[in-house]
Amino acid sequence: MELYNTIDAQIKAAMLAKDKVRLQALRGIKKEFIEGKTAPGNNGELSEDAATKILVKMAKQRRESAKIYQEQNRADLAETELAELAVIEEFLPKALSEEELSAELKKIIETVGASSPADMGKVMGVATKALAGRADGRAISAKVKELLA
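Residues numbered from 1 in each chain as written. Predicted model: local features only at pLDDT ≥ 70, side-chain atom pairs only at ≥ 80, totals over all residues. Heavy atoms only, no water.

**Observations regarding the pattern of salt bridges**
So, point 1. Tallied over the full model, the rule gives 12 salt bridges.
So, point 2. Between Glu-146 and Lys-143 there is a salt bridge, with the nearest N and O atoms lying 3.4 Å from each other. Highlighted residues: Glu-146 and Lys-143, both in helix H7 (residues 137–148), separated by 3 residues, approximately one helical turn.
So, point 3. One connected set of salt bridges, linked through shared partners, spans Lys-31, Glu-32 and Glu-35. (Salt bridge = Lys/Arg side-chain N within 4 Å of Asp/Glu carboxyl O. Helix = DSSP H or I, 4+ residues; strand = E, 2+ residues; numbered from the N terminus.)

In structure tokens, the structure reads:
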């Protein structure tokens, strides 16, 4: 898997640069990838799609933790979470802008043949798979509701 090898090389570079926060984030990614590889049913393999899902999950966790730390006036901990988030986001696909998201969702709605809010489930099923890692589930849901209304 290409992404796994890239992470491995980045870990070595972070060690040489003595970049502790980056090293911690990269080791966390590698740990999650290894757990994903050894999970039941994965046969020791981790697809790029599965790796992206892991990275999306990790990024979401970091965002939520940073928000909680900021609410509790723990800027030191929030800063660490945000630094790790930045490292994780380096390996995620580029996020879609509002206009790009609308355009992609219009194509999906047309392909699925949705015409009313009752068809939202069909659209969401296709959209979450097609836009994984490039758009947040809440943003997709809100935009689909808007387009089908």
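**Here's the deal with helix H1 (residues 2–17)**
So, point 1. Here H1 is 16 residues long and its end C-alpha atoms lie 23 Å apart, about the 22 Å a rise of 1.5 Å per residue gives.
So, point 2. All of the buried residues in H1 are Leu-3, Tyr-4, Ile-7, Ile-11 and Ala-14. Projected down its long axis, H1 shows its buried positions confined to an angular sector of 100°, all on one face. For H1, the exposed residues lying more than 90 degrees away from the buried face are Glu-2, Lys-12, Leu-16 and Ala-17.
So, point 3. The secondary structure elements touched by the buried residues of H1 are helix H2 (20–38) and helix H3 (48–71).
So, point 4. Looking one or two places after H1, you find Lys-18, whose phi comes out positive at around 55°. (Expected span 1.5 Å × (residues − 1). Buried < 20%, exposed > 50% of the residue type's maximum accessible area, 1.4 Å probe, protein only. Arc of directions from axis to C-beta. Contact = heavy atoms within 4.5 Å.)

**A look at the packing of helix H5 (residues 98–112) against helix H6 (residues 120–130)**
So, point 1. Where H5 contacts H6, the axes come no closer than 10 Å and their chain directions differ by 130°. Classified by the angle their axes make, H5 and H6 are oblique. Crossing angle aside, the handedness with which H5 passes H6 is right-handed. Between H5, through Leu-105, Ile-108, Ile-109 and Val-112, and H6, the contact on the second element is made entirely by Lys-122, Val-123, Val-126, Ala-127 and Ala-130.
So, point 2. Here the contact of H5 with H6 is composed, by residue class, of 8 nonpolar, no polar and 1 charged. (Axes fitted to C-alpha atoms, helices over the stretch in contact; angles between N-to-C directions. Parallel < 35°, antiparallel > 145°, perpendicular 65-115°, else oblique. Left-handed = near helix turned anticlockwise from the far one by under 90°. Nonpolar A, V, L, I, M, F, W, Y, C, P; charged D, E, K, R; others polar.)

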